[in-house]
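Results of the structural survey
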Amino acid sequence: MPFVKDFASRPTNDLLSIQLYPQDYYVQFSPATIFEKWAVIEINHLEPVPNDLDAFIIPSGLYAVFYFKGASTDPTIFQYIFTEWLPNADYHLDHRPHFEVLGEKYKNNDPSSEEEIWIPIKNK
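Residues numbered from 1 in each chain as written. Predicted model: local features only at pLDDT ≥ 70, side-chain atom pairs only at ≥ 80, totals over all residues. Heavy atoms only, no water.

Right, let's get into the pattern of salt bridges. Inspection of every chain in the model, using the stated rule, returns one salt bridge. Close ionic contact of arginine 96 with aspartate 94 constitutes a salt bridge, the shortest N to O distance being 2.8 Å. (Salt bridge = Lys/Arg side-chain N within 4 Å of Asp/Glu carboxyl O.)

Below is the structure:
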């Protein structure tokens, strides 16, 4: 967060929480499986990045977007997405980053918090 002010080309004040899961993460799900997590801000164009940070470019592709209101520790939205919505949709999970957009209505672990959940998908 101390570096956020150094980026002049931010289109919004939103924060992103990005997850990079191993290829078979959801095939043989285990909460013990290690994955990579990034805390990210969006910028309009790639500019020099301070030495302590890395740039991350989200690959293009189709995403299902879910609007969630509730505590960030409440797993019910993910249970719905992966056990109800996805099995009944005309899509498969795609192997690209998953992410949440944490905008002005986001309040960490607050039941009134709001966020967008972006799940990478591809046609069946």
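Read on for the rest.
By size, the foremost hydrophobic cluster in this structure holds ten residues: Ala64, Phe66, Phe68, Ile77, Ile81, Phe82, Leu86, Ile117, Ile119 and Ile121. For this core, the elements supplying multiple residues, two or more each, are strand 3 (63–69), helix 1 (76–88) and strand 6 (114–123). Among the elements that make up this core, the one with the highest residue count is helix 1 (four residues). Setting aside its immediate chain neighbours within four residues, phenylalanine 66 contacts Tyr80, Ile81, Trp85, Glu115, Glu116, Ile117 and Ile119. Within the second largest apolar cluster, seven residues are counted, among which are Trp38, Tyr63, Phe99 and Val101. (Core = buried A, V, L, I, M, F, W, Y, C linked by side-chain atoms within 4.5 Å. Buried < 20%, exposed > 50% of the residue type's maximum accessible area, 1.4 Å probe, protein only. Helix = DSSP H or I, 4+ residues; strand = E, 2+ residues; numbered from the N terminus. Contact = heavy atoms within 4.5 Å.)

Moving on: the layout of surface pockets. Its volume calculated, the largest pocket comes out at about 900 Å³. Surrounding the largest pocket, 30 residues form its lining, Ala39, Val40, Ile41, Glu42 and Phe56 being those nearest its centre. Secondary structure elements with two or more residues in the lining of the largest pocket: strand 1 (15–20), strand 2 (36–41), strand 5 (98–102) and strand 6. Its residues assigned to classes, the lining of the largest pocket comprises 23 nonpolar, three polar and four charged. (1 Å grid on protein atoms, 1.4 Å probe; cavity = no way out; pocket = protein on both sides within 12 Å on 5 of 7 lines; lining within 4 Å. Points joined across faces, edges and corners; volume = space filled by probe spheres on them. Nonpolar A, V, L, I, M, F, W, Y, C, P; charged D, E, K, R; others polar.)

Looking down a regular strand, the side chains alternate between one sheet face and the other. With six bridges joining them, strand 1 and strand 2 adopt antiparallel strand pairing. Of the residues in strand 2, the one forming a bridge with serine 17 is alanine 39. Across five bridges, strand 1 lies against strand 5 in antiparallel orientation. Following the sheet pairing, glutamine 19 is matched in strand 5 by histidine 98. (Pairing = 2+ DSSP bridges.)

Right, let's get into the environment of aspartate 14. Relative to the elements of secondary structure, aspartate 14 occurs in the segment before strand 1. As a C-alpha pair, aspartate 14 and glycine 103 span 89 residues in sequence and 4.4 Å in three-dimensional space. Not counting the four nearest positions on each side in its chain, aspartate 14 is found in contact with Ile41, Val101, Leu102, Gly103 and Glu104.

Let's shift gears to the environment of leucine 86. Its location among the elements puts leucine 86 in helix 1. Judged by relative accessible area, which is 13%, leucine 86 ranks as buried. With sequence-adjacent residues up to four places away left out, leucine 86 is seen in contact with Ile81, Tyr91, His92, Leu93 and Ile121.

On the surface, a cluster of nonpolar side chains totalling about 370 Å² of accessible area is made up of Leu46, Val49, Leu53 and Ile57. Assignment of secondary structure puts valine 49 in the loop between strand 2 and strand 3. For valine 49, a relative accessible area of 31% gives the class partly exposed. (Patch = residues over 30% accessible without salt bridge, like charges linked within 9 Å, V, L, I, M, F, W, Y side chains within 5 Å. Areas by Shrake-Rupley, 256 points an atom, 1.4 Å probe, with all protein chains shown as cover.)

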